[in-house]
Amino acid sequence: MNELQELFNNNVRWAEAITDEDPQFFEKLAKQQSPEYLWIGCADSRVPANEIVGMMPGELFVHRNIANVVLHTDINCLSVMQFAVEVLKVKHIIVTGHYGCGGVRAAMNNRQYGLIDCWLRNIRDIYYEHSDELNKLPTEEEQVDRLCELNVVHQVAHVSHTNIVQNAWHRGQPLSVHGFIYGIKDGRLKNLNVTITGPEQVAPQYRVLPLGQ
Ligand SMILES: [Zn+2]
């Protein structure tokens, strides 16, 4: 049997289950999407965005990469953010990390993994910045998990530093940036309560004036 056949079989069952509930579901969805949330999460297969928060297709705009990193030079992530904020007008950007993240773990040791070392370098910087706090934790697992949280906090700040988000605020568009963390061991999502809703919560060095000022 074709190794991929399972995927198509599952797909047929999934699409049928949805149309059983709402026969016009896909017809309506094909006309437009109007998600209220942009999810920026880890690519880890154990952290599927829609399933965790019980969202149907059309309800969550998603960008995932290894270790949910938001870099000001990453044209991919920034393009997703720009489209989500300026065209879809999402109200919330949610950076979601997860405990036990392999990317975060890799950034904490001195082994070489190749190209990915460059991608994870930003997390290594966060590790260095918080090394005093992290070194006080008794086990490696606790250190990894705390760095997973700190990584989310930093990436939330990075989102708020973009001109995409700050221009939305200048226009008076309601937009909040949140940091969540997911527990692979218990399936629970936790709000890290680091929400940023306006430029006054952004450090002055990272604020941008409205265009033309
Ligand atoms: Zn991860």
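Here's a quick rundown of the structure. (Residues numbered from 1 in each chain as written. Predicted model: local features only at pLDDT ≥ 70, side-chain atom pairs only at ≥ 80, totals over all residues. Heavy atoms only, no water.)

1. Regarding the overall build of the chain
Within the chain one finds nine helices and five strands. When its C-alpha atoms are laid out on the principal axes, the chain stretches across 55 × 50 × 30 Å. The proportion of buried residues among the 213 residues of the chain is 38%. Considering only contacts in the chain between residues 6 or more positions apart, those separated by 24 or more positions represent 64%. Roughly 12500 Å² of accessible area belongs to the chain as shown, and the carbon and sulfur atoms make up 53% of that amount. Across the chain, the 18 positively charged side chains and the 25 negatively charged ones have centroids separated by 4 Å. (Helix = DSSP H or I, 4+ residues; strand = E, 2+ residues; numbered from the N terminus. Buried < 20%, exposed > 50% of the residue type's maximum accessible area, 1.4 Å probe, protein only. Contact = heavy atoms within 4.5 Å. Areas by Shrake-Rupley, 256 points an atom, 1.4 Å probe, with all protein chains shown as cover. Lys, Arg positive; Asp, Glu negative; His and termini not counted. Charge placed at Lys NZ, Arg CZ, Asp CG, Glu CD.)

2. Observations concerning a nonpolar patch on the surface
A cluster of nonpolar side chains, namely Leu4, Leu7 and Phe8, defines an oily patch on the protein surface of about 330 Å² accessible area. Assignment of secondary structure puts phenylalanine 8 in helix H1 (residues 5-21). On the basis of relative accessible area, phenylalanine 8 is assigned to the exposed category, the value being 52%. (Patch = residues over 30% accessible without salt bridge, like charges linked within 9 Å, V, L, I, M, F, W, Y side chains within 5 Å. Salt bridge = Lys/Arg side-chain N within 4 Å of Asp/Glu carboxyl O.)

3. Some details on the coordination of the zinc ion
Taken together, Cys42 (SG), His98 (NE2) and Cys101 (SG) make up the protein donors of the zinc ion, found 2.0 to 2.3 Å from the metal. Here the donor residues of the zinc ion are spaced in sequence according to C-x55-H-x2-C. Of this pair, cysteine 42 sits in strand E1 (residues 37-42) while cysteine 101 sits in the loop between strand E3 (92-98) and helix H5 (102-106), and the two are 59 residues apart along the sequence. (Donors = N, O, S within 2.8 Å, 3.2 Å for Na, K, Ca; no water.)

4. A look at the layout of surface pockets
Here the largest pocket is characterised by a volume of approximately 280 Å³. Around the largest pocket sit Val70, Leu71, His72, Leu78, Asn122, His158, His161, Thr162, Asn163, Ile164 and Tyr206, which together line it. Listed by contribution, the elements that provide at least two residues to the lining of the largest pocket are helix H8 (140-161) and helix H9 (163-170). Here the lining of the largest pocket is built from residues that sort into five nonpolar, six polar and no charged. Estimates place the volume of the second largest pocket at around 160 Å³. (1 Å grid on protein atoms, 1.4 Å probe; cavity = no way out; pocket = protein on both sides within 12 Å on 5 of 7 lines; lining within 4 Å. Points joined across faces, edges and corners; volume = space filled by probe spheres on them. Nonpolar A, V, L, I, M, F, W, Y, C, P; charged D, E, K, R; others polar.)

5. Here we look at the nonpolar core
Ranked by internal contacts, the top residues of the largest apolar core, which has 44 residues, are Leu38, Ile40, Met81, Ile93, Leu147 and Val159. Contributing elements (two or more residues each) for this core: E1, helix H4 (75-87), E3, H5, helix H6 (116-129), H8, H9 and strand E4 (176-182). Counting residues per element, this core draws most heavily on H8, which supplies seven residues. When near neighbours in sequence (up to four residues on either side) are disregarded, leucine 147 contacts Val104, Met108, Ile123, Ile126, Tyr127 and Leu134. (Core = buried A, V, L, I, M, F, W, Y, C linked by side-chain atoms within 4.5 Å.)

6. Here's the deal with the packing of H8 against H9
Between H8 and H9, the least distance of the axes is 5 Å, while the angle of their chain directions is 60°. Between H8 and H9, the angle is such that the two are oblique. Residues Val159, Ser160 and His161 of H8 touch H9, and the partners they reach there are Asn163, Val165, Gln166 and Trp169. Split by residue class, the contact of H8 with H9 holds three nonpolar, four polar and no charged. (Axes fitted to C-alpha atoms, helices over the stretch in contact; angles between N-to-C directions. Parallel < 35°, antiparallel > 145°, perpendicular 65-115°, else oblique.)

7. Comments concerning unusual backbone geometry
One non-glycine residue, alanine 67, adopts positive backbone phi at about 70°. For alanine 67, the position within the fold is in the loop between strand E2 (60-65) and H4. Located in the positive-phi region is lysine 89, a residue other than glycine, with phi close to 55°. Checked against the element boundaries, lysine 89 lands in the loop between H4 and E3.

8. So, the state of the cysteines
Inspection of the entire model under this criterion finds zero disulfides. Not part of a disulfide, cysteine 118 finds its nearest cysteine sulfur in cysteine 101, a span of 17 Å. (Disulfide = S-S within 2.5 Å.)

9. Remarks on the sheet that holds E3
For sheets, the rule is that strands pair by backbone hydrogen bonds, running either parallel or antiparallel. Reading across from one edge, E2-E1-E3-E4-E5 is the order of the five strands in this open sheet, with mixed pairing throughout. Looking at strand neighbours, the two that pair on one side only are E2 and strand E5 (189-191), the edges of this open sheet. The sheet shows a mean angle of 25° between the axes of neighbouring strands, direction not considered. The sheet contact formed by E3 and E4 spans seven bridges and is parallel. Paired with isoleucine 93 across the strands is valine 177, a residue of E4. (Pairing = 2+ DSSP bridges.)

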